[in-house]
Amino acid sequence: MARVLQAVTALAVTAAAAGPSGVGRAAELRYAGAMISPVLVADSTRHARHGDVLSSGGGRVLSPGGRFLRFPAGSCLAPPCAQAIIVPRVPRVPDGFGGPGPFAFGAAVRLTAEPPRAAGMNVWQHGLAGPGHAQWKLQVDGGVPACRWSDGAGVVLLRPAMLRLPVGRWYVLRCARVSPVLFELRVLDRGSGAPVVAPVYATGRLGAIRPRGAPTVGGKRVDPARDDRQTDQFHGDLDDVYFAYQ
């Protein structure tokens, strides 16, 4: 049993190391805060999977000083709402962009106001929830970080037992499928790199995770007839948004 636990720990550390500070060779996508135009976010990897900004209701994605990405502020529970998301430019979603092998995704997150209690806030999403739908997602609903994976049949959901991100402080959130059966969530203080809480692990026998459609950053969708409860619009700042194979 000791050898098994040592192996699991080694795998988890390897996955965590592939976050924003180590996304070089293995990176498939990374948004480090720069924008090519007001409607195009720059991918800093060699793949150049830049992200189109889709918006409604006057929402925008801003890049203050080219240092991070700022999404519409304030919650909205009655349309029209200020909405803005990023859709990576991928001609088709590559095999493995979500499965079947180990992969990691995450972002540095800073809330700029108290998060809405009545609506979700998505950081990363690929695929929808529900039977038959494959999905991977990073969210901060109510300020609580959580990672979700589904192959369309089984589901793994990770969130810290007691943690709610305070306003105005940067955190690094990392979700990783470490192996076919091991999943991990890490929450780090961005300034020091130290864990804010102990890493959260779960096991689940999921198959290949191949969501339909395109991944999105900062929300589920843009729809002028819907509010935050249907769009899961993120409110706040994001940086070092990444996806990487392990």
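Criteria and cut-off values
Residues numbered from 1 in each chain as written. Predicted model: local features only at pLDDT ≥ 70, side-chain atom pairs only at ≥ 80, totals over all residues. Heavy atoms only, no water. pLDDT = per-residue confidence, 0-100. Contact = heavy atoms within 4.5 Å. Phe/Tyr/Trp six-rings, centres within 6.5 Å; stacked < 30°, edge-to-face > 60°. Lys NZ or Arg CZ within 6 Å of the ring centre and 35° of its normal. Core = buried A, V, L, I, M, F, W, Y, C linked by side-chain atoms within 4.5 Å. Buried < 20%, exposed > 50% of the residue type's maximum accessible area, 1.4 Å probe, protein only. Helix = DSSP H or I, 4+ residues; strand = E, 2+ residues; numbered from the N terminus. Polar contact = N/O pair within 3.5 Å; in protein donor to acceptor, adjacent residues only side chain to side chain. Disulfide = S-S within 2.5 Å. Salt bridge = Lys/Arg side-chain N within 4 Å of Asp/Glu carboxyl O.

Asks: I would appreciate a short explanation of the confidence of the model for the protein in the present structure.
Replies: Atom-level detail of predicted coordinates should not be read off regions where pLDDT is low. A residue-level look at the protein finds 85% of positions with pLDDT of 70 or above and a mean pLDDT of 87. Ignoring residues within four places in sequence, the model shows residues 1–25, a span with pLDDT below 50, making 31 contacts including any to other chains.

Asks: Quick question: what am I supposed to make of the packing of aromatic side chains here?
Replies: The relation between two aromatic rings is expressed through the spacing of the ring centres and the mutual angle of the planes. Taken as a whole and judged by the stated rule, the model has 10 aromatic pairs. One aromatic cluster is present, formed by Phe103, Phe105, Trp124, Trp136, Trp149, Phe183 and Phe243 through successive ring pairs. Over the ring of Phe68 we find Arg110; its NZ or CZ atom is 5.0 Å from the centre of that ring. Directly above the aromatic system of Trp170 lies the positively charged group of Arg190, at a separation of 4.8 Å from the ring centroid.

Asks: What exactly am I supposed to notice about the nonpolar core here?
Replies: The nonpolar side chains of a soluble globular protein tend to be buried with one another. One finds Ile86, Phe105, Trp124, Trp149 and Phe234 to be the most contacted residues of the largest nonpolar core, which totals 42 residues. With 4 residues, the single largest contributor to this core is strand 7 (residues 103–110). Once you skip the residues sitting within four places of it in the chain, Ile86 turns out to touch Tyr31, Val41, Gly51, Asp52, Val53, Val61, Leu69, Phe71, Pro215, Thr216 and Val217. By size, the runner-up hydrophobic cluster in this structure holds 6 residues, among which are Ala104, Ala176, Leu182 and Tyr242.

Asks: Quick question: what am I supposed to make of the side chain of His235 here?
Replies: Note on placement: His235 falls in the loop between helix 2 (228–231) and strand 16 (237–245). A distance of 2.7 Å separates a polar atom in the side chain of His235 from the backbone oxygen of Pro72. A distance of 2.9 Å separates the side chain of His235 from the backbone oxygen of Gly74, its partner in a polar contact. What His235 contacts, discounting residues up to four positions off in sequence, is Pro72, Ala73, Gly74, Ser75, Leu111, Thr112, Met121 and Asp228.

Asks: Got a minute to help me understand the state of the cysteines in this structure?
Replies: Disulfide: a covalent bond formed between the sulfur atoms of two cysteine residues. Enumeration over the complete set of coordinates arrives at 2 disulfides. Across the disulfide from Cys76 sits Cys81; the S-S distance is 2.1 Å. Looking down the S-S bond of the Cys76 and Cys81 bridge, the torsion is -75°, so its handedness is left-handed. The exposure class of Cys76 is buried, given its relative accessible area of 14%. The exposure class of Cys81 is buried, given its relative accessible area of 2%. The disulfide that involves Cys147 links it to Cys175, with 2.0 Å between the sulfurs. Of note, the bridge from Cys147 to Cys175 carries an S-S torsion of about -80° and is left-handed in sense. Taken together, the residues Cys147 in strand 10 (residues 146–151) and Cys175 in strand 12 (residues 170–177) connect sequence positions 28 residues apart. With respect to burial, Cys147 and Cys175 carry one shared label: buried. When the cysteines engaged in disulfides are numbered in sequence order, the protein pairs them as 1-2, 3-4.

Asks: What is the right way to look at the pattern of salt bridges in this model?
Replies: Between side chains of opposite charge, pairing is possible as soon as their charged atoms come close. What the rule picks out here adds up to 13 salt bridges. With its nearest N and O atoms 2.8 Å apart, the salt bridge here joins Arg169 to Asp189. Residue Arg169 is located in the loop between strand 11 (155–158) and strand 12, and its partner Asp189 is located in strand 13 (residues 182–189); the two are separated by 20 residues in the primary sequence. In this structure Asp189 comes out as buried when scored by relative accessible area, which is 13%.

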